[in-house]
Amino acid sequence: MDKSRNGNEMPVPRKRVYKNLDFATATRQKTAQLSPGNQYISYEAASAVVRRATLPADDLATHDASKGGGNEIPIDYLGPISFRHHDQRLTLPSIQYFTDEQVQQLYRDTQAPVFMF
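Because the structure is predicted, anything quoted here is derived from the model rather than measured. (Residues numbered from 1 in each chain as written. Predicted model: local features only at pLDDT ≥ 70, side-chain atom pairs only at ≥ 80, totals over all residues. Heavy atoms only, no water.)

A few words on the overall build of the protein chain. The secondary structure content of the protein chain amounts to three helices and five strands. For the protein chain, the α and β elements follow one another from N to C terminus as β-β-β-α-α-β-β-α. Per-residue burial for the protein chain yields a buried fraction of 17% across its 117 residues. Considering only intrachain contacts with a sequence separation of at least 6, the fraction spanning at least 24 residues in the protein chain is 52%. For the protein chain, the accessible area works out to roughly 9900 Å², and carbon and sulfur atoms hold 55% of it. (Helix = DSSP H or I, 4+ residues; strand = E, 2+ residues; numbered from the N terminus. Buried < 20%, exposed > 50% of the residue type's maximum accessible area, 1.4 Å probe, protein only. Contact = heavy atoms within 4.5 Å. Areas by Shrake-Rupley, 256 points an atom, 1.4 Å probe, with all protein chains shown as cover.)

This is the structure in structure tokens:
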């Protein structure tokens, strides 16, 4: 157990276990929908993110989060999964959202010279 600032032992938070890859992917899609603004992530993109950020739940006890990385879960994996340790700041809402008009103006204003031969 870790120690808090006042020296007391802090319990290690339990990781949420998802029953399978499809359920975790659907949950990731739902998380995007619940975020502020007009957020969307396709099933394919959510699946890729989930497979890269999870590991089989049976491997939780032996997983060393300090080493990072790891193998991507195969798309046909059927067992329960859990997310590896991640930066909690990534779950905070963005401080800036653009309207569709602002995004379109950014596209128009972007200049990217191209060299063609």
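The rest of the description comes next.
What follows deals with the side chain of Thr54. Tracing the sequence through the fold places Thr54 in strand E4 (residues 54-56). Polar contacts involving the side chain of Thr54 include one to the main-chain carbonyl oxygen of Val50, which spans 2.7 Å. The contact partners of Thr54, leaving out residues within four places of it in the chain, are Asn71, Ile73, Ile81, Ser82, Phe83 and Arg84. (Polar contact = N/O pair within 3.5 Å; in protein donor to acceptor, adjacent residues only side chain to side chain.)

So, about the confidence of the model for the protein chain. Scored by pLDDT, the protein chain has a mean of 77; 71% of the residues are at 70 or more. When the elements of the protein chain are averaged for pLDDT, strand E1 (residues 2-3) gives the smallest value, 48, and helix H3 (residues 100-109) the largest, 92. (pLDDT = per-residue confidence, 0-100.)

Using the criterion set out here, one finds two aromatic pairs in the structure. On the numbers, 6.2 Å between centres and 45° between planes, the contact of Tyr18 with Phe23 is tilted. Overall, Phe23 belongs to the partly exposed group, its relative accessible area being 36%. Centroid distance Tyr18 to Phe83: 5.7 Å. Interplanar angle 80°. Geometry classified as edge-to-face. With a gap of 65 residues between them, Tyr18 in strand E3 (residues 17-18) and Phe83 in strand E5 (residues 81-83) connect regions that are remote in the sequence. By relative accessible area, which is 10% here, Tyr18 ends up buried. An aromatic cluster of three or more residues is present, and its members are Tyr18, Phe23 and Phe83. Cation over ring: Lys19 sits above Phe23, and NZ or CZ is 5.2 Å from the ring centre. (Phe/Tyr/Trp six-rings, centres within 6.5 Å; stacked < 30°, edge-to-face > 60°. Lys NZ or Arg CZ within 6 Å of the ring centre and 35° of its normal.)

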